[in-house]
Amino acid sequence: MDAVQGHRPPGRARRVMKIGIIGAGNIGGNLTRRLTALGHEVSVANSRGPHTLTALAEETGAKPVPVEEAARGAEVVVVTVPVKAVPDLPSGLLDGAAEGVAVIDTGNYYPRERDGRIAGIEDEGITESRWTERQIGHPVIKAFNGTYAQDILDRPRPAGAPDRMALPVAGDDETAKRTVRALIDELGFDTVDAGGIDDSWRQQPATPVYGLRAGTDGVTKALAEASAVRTSEFRG
């Protein structure tokens with residue numbers, strides 16, 4: 001596992017990208033705030049419709065859109081909805097996205113608190129993000145799933161700062177992973193490559209890295225110490 005060291009402090013992006021965010025909860029809302037502040041062109045959608053996103057749009061300059069339009073032309077799409085809601089996303093969601101679109105999955109499976117039992121995850125023993133990939137028909141990059149939403153606003157640091165946090169990032173598409181890691185660097189965080197999507201159990205809930213506020217060394221160590229056994233509190 002290797003860390004990307006950033007070259008730019010948080011500020012205006014090096015290159016403006018079209019980014020679609022599906023889900024406007026704590027993570028989705030704060031990513032909308034930060035990514036628009038970096039100068040990116042952000043479209044944001046939720047299940048209740050664009051009319052419910054007026055305040056966020058006025059605050060940030062993001063464009064509220066129906067879910068079906070969130071990925072249109074996007075180079076990065078962030079899927080940040082409850083895991084149980086992933087199968088309800090529109091079919092062909094990514095059909096209008098830019099070629100080579102990087103899809104970020106921020107989701108966590110909470111069978112007892114929210115999602116109910118999902119047989120495809122538990123019976124097959126696959127990772128949460130592998131299951132999500134199958135639902136949307138596109139590879140994903142798992143990131144931000146163990147990040148406190150408020151930290152996205154409060155804890156960006158310049159590259160090389162001693163208290164700069166690192167986030168684990170997993171995925172099979174190396175090009176998409178590089179795109180996502182560069183974007184996280186722009187947001188003011190280091191990253192640690194957590195492997196492929198079949199390795200992303202290392203950052204699921206109840207693992208040492210989940211919710212960890214640490215730098216690259218601490219995150220790398222936590223990923224190495226993870227157990228593949230799903231704890232009882234995260235089984236349905």
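Definitions and cut-offs
- Residues numbered from 1 in each chain as written.
- Predicted model: local features only at pLDDT ≥ 70, side-chain atom pairs only at ≥ 80, totals over all residues.
- Heavy atoms only, no water.
- Core = buried A, V, L, I, M, F, W, Y, C linked by side-chain atoms within 4.5 Å.
- Buried < 20%, exposed > 50% of the residue type's maximum accessible area, 1.4 Å probe, protein only.
- Helix = DSSP H or I, 4+ residues; strand = E, 2+ residues; numbered from the N terminus.
- Contact = heavy atoms within 4.5 Å.
- Phe/Tyr/Trp six-rings, centres within 6.5 Å; stacked < 30°, edge-to-face > 60°.
- Pairing = 2+ DSSP bridges.
- Expected span 1.5 Å × (residues − 1).
- Polar contact = N/O pair within 3.5 Å; in protein donor to acceptor, adjacent residues only side chain to side chain.
- Salt bridge = Lys/Arg side-chain N within 4 Å of Asp/Glu carboxyl O.

Visitor: Even after reading the chapter, I still don't get the nonpolar core, so can you show me in this structure?
Guide: If you look at soluble globular proteins, the nonpolar side chains tend to sit buried side by side. In terms of nonpolar packing, the biggest core is built from 30 residues, with Leu-31, Leu-35 and Phe-144 touching the most fellow members. For this core, the elements supplying multiple residues, two or more each, are β2 (18–22), α1 (26–37), β3 (41–45), β5 (76–79), β6 (102–105), α6 (149–154), β8 (166–171) and α7 (174–187). The element best represented in this core is α7, accounting for five residues. Among residues more than four places away in sequence, those in contact with Phe-144 are Ile-27, Leu-31, Ile-104, Thr-106, Ile-152, Leu-167, Ile-184 and Leu-187. Listed in part, the 26 residues of the second largest apolar core include Ala-45, Val-67, Leu-94 and Ile-197.

Visitor: Teacher, can you tell me more about the packing of aromatic side chains here?
Guide: The relation between two aromatic rings is expressed through the spacing of the ring centres and the mutual angle of the planes. Following the criterion strictly, the structure yields one aromatic pair and no others. Between Tyr-110 and Phe-234, the aromatic rings sit 6.2 Å apart at their centres with planes inclined by 45°, giving tilted as the arrangement. With Tyr-110 in the loop between β6 and α3 (111–115) and Phe-234 in the segment after α8 (216–224), this pair connects stretches of sequence that are 124 residues apart. For Tyr-110, a relative accessible area of 16% translates into the label buried. With a relative accessible area of 11%, Phe-234 lands in the buried category.

Visitor: Can you walk me through unusual backbone geometry in this structure?
Guide: Glycine aside, the phi torsion of most residues is negative, and most peptide linkages are trans. With a phi angle near 70°, Phe-144 is a residue other than glycine that sits in the positive phi range. If you trace the backbone, Phe-144 turns up in the loop between β7 (141–142) and α6. In this structure Phe-144 comes out as buried when scored by relative accessible area, which is 5%. Residue Ala-206 is not a glycine yet carries a positive backbone phi of 80°. Following the sequence through the fold, Ala-206 ends up in the loop between β9 (190–193) and α8.

Visitor: Help me understand the pairing of β8 in this model?
Guide: Every regular strand shows the same layout, with side chains that alternate between the two sheet faces. Within β8, six of the six residues are buried, which leaves the element mostly enclosed by the surrounding structure. Burial along β8 is two-sided: Ala-166, Pro-168 and Ala-170 and Leu-167, Val-169 and Gly-171, pointing in opposite directions, are all buried. The pairing of β7 with β8 spans two bridges and is antiparallel. Each bridged residue has a counterpart across the sheet, and for Ile-141 the counterpart in β8 is Gly-171. Where β8 and β9 come together, four bridges link them in parallel fashion. Each bridged residue has a counterpart across the sheet, and for Leu-167 the counterpart in β9 is Thr-191.

Visitor: Mind showing me how you'd approach α1 here?
Guide: Think of an α-helix as turning once every 3.6 residues; residues three or four places apart then point the same way. Taking 1.5 Å of rise per residue, the twelve residues of α1 would be expected to cover 16 Å, and the 17 Å separating its terminal C-alpha atoms lies within 8% of that figure. Turning to α1, its buried residues number three or more, namely Ile-27, Gly-28, Gly-29, Asn-30, Leu-31, Thr-32, Arg-34, Leu-35 and Thr-36. Downstream of α1 by a residue or two, Gly-39 has a phi angle that is positive, lying close to 100°.

Visitor: I keep staring at the side chain of Asp-151 and nothing clicks. Help me out?
Guide: Its location among the elements puts Asp-151 in helix α6. For Asp-151, a relative accessible area of 4% translates into the label buried. At 2.7 Å, the side chain of Asp-151 and the side chain of Arg-213 are in polar contact. Residues within four places of Asp-151 in sequence aside, it is in contact with Pro-156, Met-165, Phe-189 and Arg-213.

Visitor: What am I meant to see in the pattern of salt bridges here?
Guide: If charged atoms from side chains of opposite charge come close, those side chains can pair. Following the criterion strictly, the structure yields 21 salt bridges and no others. Here Glu-122 ties to Arg-117 by a salt bridge, and the two come within 3.9 Å at their closest N and O atoms. Of the residues examined, Glu-122 reaches a relative accessible area of 17% and is grouped as buried. Look at Arg-117 and you get partly exposed, because its relative accessible area is 46%. Put simply, Arg-213 and Asp-151 hold a salt bridge, and the shortest N to O gap is 2.7 Å. Within this pair, whereas Arg-213 is found in the loop between β9 and α8, its partner Asp-151 is found in helix α6, the two being separated by 62 residues in sequence. Linked by salt bridges that have partners in common, Asp-105, Glu-128, Lys-142 and Arg-230 make up one network.

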